Amino acid sequence: MALTPDDLTDDLPLQRSPGPTWQDKLDEDVNKIPEYLRTESPYLNGFEDIPKDRYLSREFHELEKERLWSRVWQFACREEHLPEVGSYIVYDIADQSYLVARVAEDEIKAYPNACLHRGRMLKTYDGRCSEFRCPFHGFAWTLDGDIKHIPAEWDFPHLEVRSEEMMLPEVRVGTWAGFVFINPDPNAEPLEDFLGPEVIKHFERWNLQDRYVAAHASKIIRCNWKIANESFCEGFHVNATHPQGMSYTGDPQSQIDVYGNVARQLSPKGIPCPLLPYTPTEEEMLRDALDVREGEDLPVPFEEGDTLRGVLSAAGRERFRPTFGDGVDQMGDSEFLDAWVYVVHPNFQPWGAFNRIVYRFRPNGDDHETCIFEMMYVAPFSGDRPPPAEVVHLGVDDPWTDATGLEKLAMVAEQDTFNMEQVQRGLKNLRREGVTLSRYQESTIRWKHDLLTDYINRGPVQL
Amino acid sequence: MSPEPSSGGIKHGFSGAVYAKCGENRVKVVGRDGTTGIFDGIGQWIEGELYDVDPQMCVWVSAERIATSHRLSKQD
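Keep in mind that this is a model prediction, so the values were computed, not measured.

Enquirer: Lay out the overall build of chain A in plain terms, naming residues and giving numbers.
Expert: A count of helical and extended segments in chain A gives 13 helices and 20 strands. For chain A, the C-alpha radius of gyration of 24 Å lies close to 23 Å, the compact-globule estimate for 463 residues. A principal-axis box enclosing the C-alpha atoms of chain A has dimensions of 85 × 60 × 40 Å. A burial count over chain A gives 55% of its 463 residues as buried.

Enquirer: I'd like a rundown of the interface of chain A and chain B, residues and numbers included.
Expert: With 45 residues of chain A in contact, the opposing surface of chain B contributes 30 residues. Applying the counting rule to chain A against chain B returns two salt bridges. Notably, a salt bridge pairs Glu296 of chain A with Arg65 of chain B, separated by 2.8 Å at the nearest N-O pair. Counting across the interface, chain A meets chain B through six residue pairs in polar contact (both at pLDDT 80 or more). Taken together, the elements giving at least two residues each to the side of chain A that touches chain B come down to strand E12 (211-221), helix H8 (238-241), helix H10 (308-324), strand E18 (367-380) and helix H12 (409-429) of chain A.

Enquirer: So what's going on with H12 of chain A? Residues and values would help.
Expert: The first and last C-alpha atoms of H12 of chain A sit 31 Å apart over 21 residues, in line with the 30 Å expected at 1.5 Å per residue. Those residues of H12 of chain A lying buried are Leu409, Ala410, Met411, Ala413, Gln415, Asp416, Thr417, Met420, Gln424 and Leu427 of chain A.

Enquirer: Kindly report on the sheet that holds strand E3 (residues 87-93) of chain A, identifying the contributing residues and their values.
Expert: Residues and elements named next belong to chain A. Pairing is antiparallel across the open sheet formed by four strands, whose spatial order is E5-E4-E3-E6. Looking at strand neighbours, the two that pair on one side only are strand E5 (107-112) and strand E6 (127-128), the edges of this open sheet. Judged from the six bridges that link them, E3 and strand E4 (residues 96-104) form a sheet pairing that is antiparallel. Within E4, the position partnered with Ile93 by the bridge is Gln96.

Enquirer: Please give an account of the pairing of E12 of chain A that cites residues and values.
Expert: Residues and elements named next belong to chain A. The buried fraction of E12 is high, at ten of eleven residues. Here E12 pairs with strand E19 (residues 392-394) via three bridges, running parallel. When the sheet's bridge partners are listed, Lys219 is paired in E19 with Leu394.

Enquirer: Got a sec to walk through the nonpolar core? Specific residues and values, please.
Expert: All names here are of chain A. The biggest cluster of nonpolar side chains holds 101 residues, and the ones touching the most others in it are Val100 and Trp176. The element best represented in this core is E18, accounting for seven residues. Residues lining this core come from more than one domain, with at least three contributed by each of domain 1 (16-59 + 198-457) and domain 2 (74-183). Listed in part, the 19 residues of the second largest apolar core include Leu99, Cys115, Leu122 and Cys134.

Enquirer: Which residues make up the packing of helix H9 (residues 282-289) of chain A against H10 of chain A, and what values do they have?
Expert: Residue and element names in this part refer to chain A. For the pair H9 and H10, the least separation of the axes is 9 Å and the interaxial angle reads 40 degrees. The orientation of H9 with respect to H10, classified from their angle, is oblique. When H9 is examined against H10, the residues Glu282, Met285, Leu286 and Ala289 are found in contact with a partner set consisting of Leu308, Val311 and Leu312. Of the residues assigned to the contact of H9 with H10, the class counts are six nonpolar, no polar and one charged.

Enquirer: Account for the side chain of Asp29 of chain A, naming residues and giving values.
Expert: Residue and element names in this part refer to chain A. By the secondary structure assignment, Asp29 is in the loop between helix H1 (22-28) and strand E1 (50-51). With relative accessibility at 6%, the residue Asp29 sits in the buried group. Only 3.0 Å separates the side chain of Asp29 from the side chain of Arg309, close enough to count as a polar contact. Residues in contact with Asp29, not counting those within four places in the same chain, are Arg309, Asp333 and Ser334.

Enquirer: Tell me what's going on with the domain arrangement of chain A, and back it up with residues and numbers.
Expert: All names here are of chain A. Parsing chain A into structural domains produces domain 1 (16-59 + 198-457) and domain 2 (74-183). Summarising the inter-unit geometry, the C-alpha centres of domain 1 and domain 2 are found 35 Å apart. The interface of domain 1 with domain 2 comprises 20 residues on the first partner and 16 residues on the second. For the pairing of domain 1 and domain 2, the buried interface totals around 1600 Å² over both sides, and the portion due to carbon and sulfur atoms is 68%. On the domain 1 side of the contact with domain 2, Phe348, Arg360 and Arg362 bury the most area, a combined 28% of that side's loss. Along the contact surface separating domain 1 from domain 2 lie one salt bridge. Among the salt bridges present, the one from Arg385 reaches Glu80, with a minimum N-O distance of 3.6 Å. In this assembly, domain 1 and domain 2 are joined by seven residue pairs in polar contact (both at pLDDT 80 or more). For the side of domain 1 that touches domain 2, the element with the most residues is strand E17 (residues 357-364), which contributes four residues. Its residues assigned to classes, the side of domain 1 that touches domain 2 shows 13 nonpolar, two polar and five charged.

The rules behind each value
- Residues numbered from 1 in each chain as written.
- Chains lettered and ligands numbered in written order.
- Predicted model: local features only at pLDDT ≥ 70, side-chain atom pairs only at ≥ 80, totals over all residues.
- Heavy atoms only, no water.
- Helix = DSSP H or I, 4+ residues; strand = E, 2+ residues; numbered from the N terminus.
- Rg over C-alpha atoms; globule rule 2.2 N^0.38 Å.
- Buried < 20%, exposed > 50% of the residue type's maximum accessible area, 1.4 Å probe, protein only.
- Contact = heavy atoms within 4.5 Å.
- Salt bridge = Lys/Arg side-chain N within 4 Å of Asp/Glu carboxyl O.
- Polar contact = N/O pair within 3.5 Å; in protein donor to acceptor, adjacent residues only side chain to side chain.
- Expected span 1.5 Å × (residues − 1).
- Pairing = 2+ DSSP bridges.
- Core = buried A, V, L, I, M, F, W, Y, C linked by side-chain atoms within 4.5 Å.
- Domains from an automatic or database assignment.
- Axes fitted to C-alpha atoms, helices over the stretch in contact; angles between N-to-C directions.
- Parallel < 35°, antiparallel > 145°, perpendicular 65-115°, else oblique.
- Nonpolar A, V, L, I, M, F, W, Y, C, P; charged D, E, K, R; others polar.
- Buried area = accessible area lost by both parts, 1.4 Å probe.

Set out below in structure tokens:
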């Protein structure tokens with residue numbers, strides 16, 4: 001029976017892709033994951049289009065500055081980027097800049113990046129210091145934010161009676177899994193509450209705090225930050241954007257879960273895309289997964305009866321054994337091969353399990369039509385902690401493959417990036433007011449916009 | 001048709017056409033019916049009797065090929 005507009009409510013039964021699900025593959029795996037990682041929490045909230053102005057209009061960008069970036073927990077750096085007392089980074093978001101510094105062995109603070117005398121930015125690059133001294137007139141603050149030096153103090157009698165105004169104002173700081181977050185809103189909920197107990201429990205298993213930044217690249221893209229971000233919030237695009245991956249990636253079979261401010265998309269490997277007109281063999285799937293082309297040999301042993309899931313999970317387990325020891329044998333096959341894409345509102349994607357991948361998306365300064373897209377690997381290590389990788393800064397026309405540390409993932413990102421600028425341009429031609437989302441596969445994008453709406457509707461931050 | 005592929009091809013899952021890099025920013029595509037075409041790295045037609053092509057497959061095949069796979073890397 002044909003649907004009518006009245007049928008379009010959240011009571012309409014949820015349909016999933018034909019073919020086996022991620023849960024079905026988990027049942028077949030030799031090494032299982034714990035049940036708490038298998039829970040399902042789909043997100044349904046209507047069928048409305050997303051207004052295109054959210055990507056195009058300057059006014060919406062201004063609202064995001066006033067009501068989102070000013071009050072949301074946001075990933076600033078890794079703890080390892082602040083190895084010593086006095087280590088600091090400059091974290092920029094839209095037109096705002098913050099100093100994030102290790103002020104004691106076990107304490108990190110963040111301050112708006114401005115001298116309280118005439119407003120010059122105190123720091124413009126990352127480094128290490130014993131004080132924050134302004135290069136303009138020489139006002140200086142301790143790492144703790146106390147005023148330390150007022151040049152020609154005799155000429156500032158008014159500051160003697162307003163000394164509390166001369167402390168660097170603090171911005172909220174939280175840490176989780178080795179990631180340092182800031183929140184400019186003094187009334188923000190604690191980071192732990194923002195992330196929620198389910199997600200914190202999931203990540204406890206993977207020890208991301210005991211990893212290091214093994215690769216890090218940053219690229220300017222000619223699109224709004226949300227266009228870049230949302231490119232990685234659904235697997236639906238694989239059949240067209242990554243056609244070489246259709247044989248082994250069951251992205252339409254992905255499971256999507258939402259836990260408050262965090263969502264996740266679990267995309268199984270070893271299931272062909274159901275849109276394919278043929279059924280690939282396990283060896284064909286493995287060859288495609290490893291980009292083995294005609295006339296080339298597989299770089300891993302493969303025998304009759306082997307499966308992609310078996311081969312890649314075994315390879316992954318051995319890869320991590322030197323750092324995790326035999327604990328890898330307690331981990332599920334899925335944790336070594338499937339895509340565990342966690343999406344932390346609004347712009348941060350630390351992949352779970354042993355994928356190592358981290359994404360961050362930010363406006364490029366105060367420009368709402370370009371953005372900064374960063375990719376990192378956070379990898380386990382043995383022995384002393386290696387220093388974090390230097391950032392490879394890529395310009396708008398530089399290929400991701402210039403960042404060789406990203407390995408073949410750079411080639412994948414090249415295809416995703418090929419779409420982003422064209423979405424920004426295409427939206428200006430679109431003769432509709434909004435973009436349409438699929439109900440389930442793109443539900444993470446709906447969830448993101450619903451949260452964004454919630455932040456916008458709260459009005460300006462009360463300082 | 002020249003130039004010849006400089007790396008092994010990849011068969012497209014939908015069309016069955018085989019895509020192979022054939023020099024800097026060039027991709028040779030051989031359709032299931034044997035027709036061929038040369039395209040640039042974003043799928044713009046250069047020459048040949050084959051015109052329809054998947055630009056994303058051209059992006060993939062023409063990209064600087066990185067030997068190490070993030071699925072097998074030993075970097076950690």
